[in-house]
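A structural walkthrough
Each chain, written out:
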Amino acid sequence: MTLDEFFAGHDASRRIFDALHDAVGALGSAELRVSKSQVAFRRRVTFAWAWMPDVYLGEGHAPLVLTLSFRRPDPSPRWKQIVEPRPGRFTHHLELHHVADVDDEVRAWLQLAWTAAQ
């Protein structure tokens, strides 16, 4: 699946994703993997995922969700949800409503995840 196919009919989600993709690109090299359910950014391991909740939950949700995994929970109130799927691994879900949501704080989180994935 291509990015165009993944985001077909979801223009707002695509604009936010493009800002996210640019932020990751500014960090250095990362492989992009597109599946039916998400777009993953990968180095040695996958470090970030982007997906559209409306596709699965119906309309009315954020256009895009960024998922990052860290070794400890981040205290920011911006996270929609933080879960610990296995000991010592915390999955963080961040709703992105606008291109401007991909701000310095998000870029710092991406940097942490990108660095840890080498």
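We now turn to the structure provided with this report. Not measured: the values here are computed from a predicted model. (Residues numbered from 1 in each chain as written. Predicted model: local features only at pLDDT ≥ 70, side-chain atom pairs only at ≥ 80, totals over all residues. Heavy atoms only, no water.)

Describing the nonpolar core
For soluble globular proteins, the rule of thumb is that nonpolar side chains tend to be buried together. Here is the rule: To define a nonpolar core, start from buried Ala, Val, Leu, Ile, Met, Phe, Trp, Tyr and Cys residues and group those joined through side-chain atoms within 4.5 Å. Accessible area is worked out with a 1.4 Å probe on protein chains only. A residue is then buried under 20% of its type maximum, exposed over 50%, and partly exposed in between. The secondary structure listing takes helices from DSSP runs of H or I that are at least 4 residues long and strands from runs of E that are at least 2 residues long, numbered from the N terminus. Contact between two residues is taken to exist if any of their heavy atoms lie within 4.5 Å; hydrogens are not considered.
Core analysis: the biggest nonpolar cluster contains 30 residues, and Phe17, Leu64, Leu66, Leu68 and Leu110 have the highest contact counts within it. Elements that contribute at least two residues to this core include exactly α1 (3-6), α2 (11-25), β2 (39-42), β3 (46-51), β4 (64-70), β6 (89-96) and α4 (104-116). Per element, the largest residue contribution to this core is six residues, and it comes from α2. In contact with Leu66, other than residues within four places in its own chain, are Leu20, Ala48, Trp49, His92, His93, Leu94, Leu96, Val106 and Leu110.

Details of the sheet that holds strand β5 (residues 81-86)
Going by this rule: Whether two strands pair depends on DSSP finding at least two bridges between them. All axes are obtained by fitting lines to C-alpha atoms, using only the stretch in contact for helices, and the reported angles, taken between N-to-C directions, cover 0 to 180 degrees.
Strand order in this open sheet of six strands is β1-β2-β3-β4-β6-β5, and the pairing throughout is antiparallel. The sheet terminates laterally at β1 (31-34) and β5, the two strands that pair on one side only. Within this sheet the neighbouring strands show an average axis-to-axis angle of 20°, counted without direction. Pairing analysis gives four bridges linking β2 to β3, with the strands arranged antiparallel.

Describing the environment of Asp104
Our working rule: Nitrogen and oxygen atoms within 3.5 Å of one another constitute a polar contact, given that in protein one can donate a hydrogen and the other can accept it, and given that sequence-neighbouring residues count only through two side-chain atoms.
Among the structural elements, Asp104 can be located in helix α4. On the accessibility criterion, Asp104 (59% relative accessible area) is exposed. At 2.8 Å, the side chain of Asp104 and the side chain of Arg107 are in polar contact.

Description of a nonpolar patch on the surface
Here is the rule: Here a patch means residues that are over 30% exposed by relative accessible area and free of salt bridges, tied together within 9 Å if like-charged and within 5 Å if nonpolar (Val, Leu, Ile, Met, Phe, Trp, Tyr). Each accessible area is a Shrake-Rupley estimate made with a 1.4 Å probe; only the visible protein chains count as cover when residues are assessed. By convention in these notes, a salt bridge is any Lys or Arg side-chain nitrogen within 4 Å of a carboxyl oxygen on Asp or Glu.
Among the surface-exposed residues, Val55, Tyr56 and Leu57 lie close enough to one another that they form a single nonpolar patch of about 310 Å² accessible area. Relative to the helices and strands, Leu57 resides in helix α3 (residues 54-57).

Digging into the pattern of salt bridges
Per the counting criterion, the structure on display carries seven salt bridges. In this structure, the salt-bridge partner of Glu105 is Arg78, at a minimum N-O distance of 2.8 Å. In this pair, Glu105 is assigned in helix α4 and Arg78 in the loop between β4 and β5, connecting sequence segments 27 residues apart. For Arg78, a relative accessible area of 28% puts it in the partly exposed group. Across the pair Lys80 and Glu95 runs a salt bridge, and its minimum N-O distance is 3.8 Å. Taken together, the residues Lys80 in the loop between β4 and β5 and Glu95 in strand β6 connect sequence positions 15 residues apart. Residue classification places Lys80 among the exposed residues on the basis of a relative accessible area of 57%. For Glu95, a relative accessible area of 26% translates into the label partly exposed.

Just geometry here; none of it tells us what the structure is for.
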